[in-house]
Amino acid sequence: MHGDQDTQSFSDSHLDIDVDLPRDIADTTFPDLYVGLDIDLLAPGDGIVTDRHHASADRYEADDPQNQIAGQISPFTLSGWLRHGCERVVQAAGATACHPGEANADYMLKDVYERDLEAGYHEKGSCVDAAETDSDAGCVIHDLFGGFGDRAGRVIRRPISFSPIRKQVDVTQGEAEAHYRQLNTQVRSRNDDDEGQPLRQATRDVVGNLEGTWRLTLRELKPEYVGLLIEAVDHLDAHSDAYEMQLGGARNFGGGMVDGTIVNPLYSETEIRRVYNRAHDATGAMGTKDAIWRDQCREEFVRALQTRTAQRDGDLPLPTRSDEEEDGA
């Protein structure tokens, strides 16, 4: 499905297990991985860049429902949300997660970095230092998100392009249908004499009814990267209404509650588009691929993540296949 696939394959030589996938990489979306998103309200602060040429400059009104405004959602807020999910997955496995900030930074709160380290983190980059020349023994979160020294993150997080016009949205390119509005809110006086006089007005950019995909691309194909991403999205979806797991701002108003899922990497581009076509149901072939992904592929990626985590932390047991456990029972 992608031009570089003929020369790519998953590397598992650094793991203490063999990863057995039932499908050739040419029959998958890899190195791309699509996160399906369904969000009622998203308020990412200044993370929205609009395309306002749909309305003339002298008549533009940001809150006019007739303005068919397209734009982009910044990947920075999205990346922080995804990383938070990845950290929770690693910590739930009994390991520490790589802190997103350098230890020598000038933080606003006294001893905040030390308190973070006590809450399930290790200093950013210390996992690589401890591993010396063997970077595979470091932290998988550090590998994925990078940002330390000259080592680039192994996952590219693109912006999401959005449009209110469904036919202009291509979900295979990481795009979504969404509706932009600029909302004005006011704080009013509470006493009878001032009769609700406005005290302060705030303007907020939001998008509503977002439905589409976020396209992630792996620079390097290692199965534990896929395992961490799918486990993180599952965690974020299961805890979508937890304050710390919501995406962006306006969280007390229901903003950023994300129904997230990994779009089956075994799907063709036609099948991915079909997922978001309200006029069509899933085909029998898609159902078969769902079963293969659920029963064979997903477990292998998660097992690779568990192995990588256990190799770094000697206190964690190496995983075994569920079928091996059944045979030994």
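The residue numbers shown here count from 1 along each chain, following its written sequence. Residues qualify for local features only when their pLDDT is at least 70, as the model is predicted, and side-chain atom pairs are given and counted only at 80 or more; totals for whole chains, interfaces and linings, by contrast, use all residues. With hydrogens and water stripped out, all remaining heavy atoms of the structure feed into the side-chain values.

Let us look at the overall build of the chain. Across its full length, the chain carries eight helices and ten strands. The long-range fraction of contacts in the chain, counting pairs at least 24 apart against all pairs at least 6 apart in sequence, stands at 68%. All accessible areas in this document rest on Shrake-Rupley with a 1.4 Å probe, and a residue is counted as covered only by the protein chains that are shown. Summed over all atoms, the accessible surface of the chain reaches about 17,200 Å², with 44% contributed by carbon and sulfur. Only DSSP runs of H or I covering at least 4 residues are called helices, and only runs of E covering at least 2 are called strands; the numbering of each starts at the N terminus. Contacts are assigned to residue pairs with any non-hydrogen atoms lying within 4.5 Å of each other.

Only Phe, Tyr and Trp rings are paired, with Trp represented by its six-membered ring, and only when their centres lie within 6.5 Å; those with planes under 30 degrees apart are stacked, over 60 edge-to-face, the remainder tilted. Tallying each qualifying case throughout the model produces four aromatic pairs. A centroid spacing of 5.8 Å and a plane angle of 40° characterise the contact between Trp 293 and Phe 301, whose relative ring orientation is tilted. Residue burial is assigned from relative accessible area. The probe radius is 1.4 Å, only protein chains are included, and a residue is buried under 20% of its type maximum, exposed over 50%, and partly exposed in between. Judged by relative accessible area, which is 10%, Trp 293 ranks as buried. Take Phe 301: its relative accessible area is 1%, and that puts it in the buried class. Among the aromatic residues, ring-to-ring pairing joins Phe 10, Phe 30, Trp 293 and Phe 301 into one connected group. Here, over-ring charges are defined by two tests on the NZ atom of lysine or the CZ atom of arginine: distance to the ring centre within 6 Å, and angle to the ring normal within 35 degrees. The cationic tip of Arg 251 hangs over the ring face of Tyr 243; the distance from NZ or CZ to the ring centre is 5.5 Å.

Before going further, it helps to examine the environment of Ala 232. Topologically, Ala 232 is positioned in helix α5 (residues 223-238). Sequence separation between Ala 232 and Gly 85 is 147 residues; the distance between their C-alpha atoms is 4.6 Å. With residues near it in sequence (within four places) discarded, Ala 232 still touches Leu 82, Gly 85, Cys 86 and Val 89.

Leaving glycine out, the prevailing phi sign among residues is negative, and the prevailing peptide bond configuration is trans. Cis geometry marks the peptide bond from Phe 30 to Pro 31, where omega comes out at 15°. Examined against the element boundaries, Pro 31 turns out to sit in the segment before β1 (32-42). With phi around 50°, Glu 195 is a residue other than glycine that occupies positive phi space. Here Glu 195 shows up in the loop between β8 (175-188) and β9 (198-218).

Our focus in this paragraph is the pairing of β1. Most of β1 is tucked away, with eight of its eleven residues classed as buried. Only strands that DSSP links by at least two bridges are regarded as paired with each other. Two elements, β1 and β9, share ten bridges in a ladder whose sense is antiparallel. Within the sheet, the bridge partner assigned to Asp 38 lies in β9 and is Glu 211. Both β1 and strand β10 (residues 258-262) contribute to a ladder of five bridges, which runs antiparallel.

Note on placement: Arg 215 falls in strand β9. Of note is the side chain of Arg 215, whose polar atom sits 3.1 Å from the side chain of Asp 32. Under this definition, polar contacts are N or O atom pairs within 3.5 Å; protein pairs additionally need one hydrogen-donor-capable and one acceptor-capable atom, and for neighbouring residues in sequence, both atoms have to be side-chain atoms. One polar contact links Arg 215 to Gln 173, side chain to side chain, over a distance of 3.3 Å. If we skip the residues at most four places from it in the chain, Arg 215 touches Asp 32, Leu 33, Tyr 34, Ile 156, Arg 158, Thr 172, Gln 173 and Gly 174.

Let us look at helix α1 (residues 75-92). For a helix, the expected span equals 1.5 Å multiplied by the number of residues minus one. Its 18 residues place the ends of α1 26 Å apart at the C-alpha level, agreeing with the 26 Å of an ideal helix rising 1.5 Å per residue. Buried within α1 we find Pro 75, Leu 78, Ser 79, Trp 81, Leu 82, Arg 83, Gly 85, Cys 86, Glu 87, Val 89, Val 90 and Gln 91. The N-terminus of α1 is capped by Ser 74, whose side-chain oxygen sits 3.1 Å from the backbone nitrogen of Phe 76.

Patch definition: residues with relative accessible area over 30% and no salt bridge; like charges joined within 9 Å; nonpolar side chains (Val, Leu, Ile, Met, Phe, Trp, Tyr) joined within 5 Å. Just to be clear on terms, a salt bridge is a Lys or Arg side-chain nitrogen sitting within 4 Å of an Asp or Glu carboxyl oxygen. Only four residue types enter the tally: Lys and Arg on the positive side, Asp and Glu on the negative side; His and the chain ends are excluded. Each charge is placed at NZ for Lys, CZ for Arg, CG for Asp and CD for Glu. On the surface, Asp 38, Asp 40, Asp 237 and Asp 259 cluster together into a negatively charged patch. Note on placement: Asp 38 falls in strand β1.

With that out of the way, let us pick up the nonpolar core. Among the nonpolar cores identified, the biggest contains 59 residues, and Leu 82 and Ile 141 are the most heavily contacted of them. At eight residues, α5 tops the list of elements feeding residues into this core. Setting aside anything within four residues of it in sequence, one finds Leu 82 in contact with Phe 145, Trp 214, Leu 216, Leu 229, Ala 232, Val 233 and Leu 236. As used here, the term nonpolar core means buried Ala, Val, Leu, Ile, Met, Phe, Trp, Tyr and Cys residues forming a set that is joined through side-chain atoms within 4.5 Å.

The next point concerns the packing of α5 against helix α7 (residues 284-312). Angular values range over 0 to 180 degrees, each being the angle between N-to-C directions of two axes fitted as lines to C-alpha atoms, with helices fitted over their stretch in contact. Where α5 meets α7, the closest approach of the two axes is 7 Å, and the angle between their N-to-C directions is 105°. When the axes of α5 and α7 are compared, the pair comes out roughly perpendicular. Along the contact surface, α5 presents Pro 223, Glu 224, Tyr 225, Val 226, Gly 227, Leu 228, Ile 230, Glu 231 and Asp 234, while α7 presents Trp 293, Arg 298, Phe 301, Val 302, Ala 304, Leu 305 and Arg 308. A class-by-class count of the residues in the contact of α5 with α7 yields ten nonpolar, one polar and five charged. Note that the term roughly parallel is reserved for angles under 35 degrees, roughly antiparallel for angles over 145, roughly perpendicular for angles of 65 to 115, and oblique for everything else. As a working rule, the residues Ala, Val, Leu, Ile, Met, Phe, Trp, Tyr, Cys and Pro are called nonpolar, Asp, Glu, Lys and Arg charged, and the rest polar, with Gly in that last group.

Attention now moves to α5. Its 16 residues place the ends of α5 23 Å apart at the C-alpha level, agreeing with the 22 Å of an ideal helix rising 1.5 Å per residue. Residues Pro 223, Glu 224, Tyr 225, Val 226, Gly 227, Leu 228, Leu 229, Ile 230, Ala 232, Val 233 and Leu 236 constitute the buried set of α5.

Right, let's get into the packing of α1 against α5. Where α1 contacts α5, the two axes come as close as 8 Å, and the packing angle between them is 100°. Relative to α5, α1 is oriented roughly perpendicular. Two secondary-structure elements touch here, α1 through Trp 81, Leu 82, Gly 85, Cys 86, Arg 88, Val 89 and Val 90 and α5 through Leu 228, Leu 229, Glu 231, Ala 232, Val 233, His 235 and Leu 236. Tallied by class, residues from the contact of α1 with α5 come to ten nonpolar, two polar and two charged.

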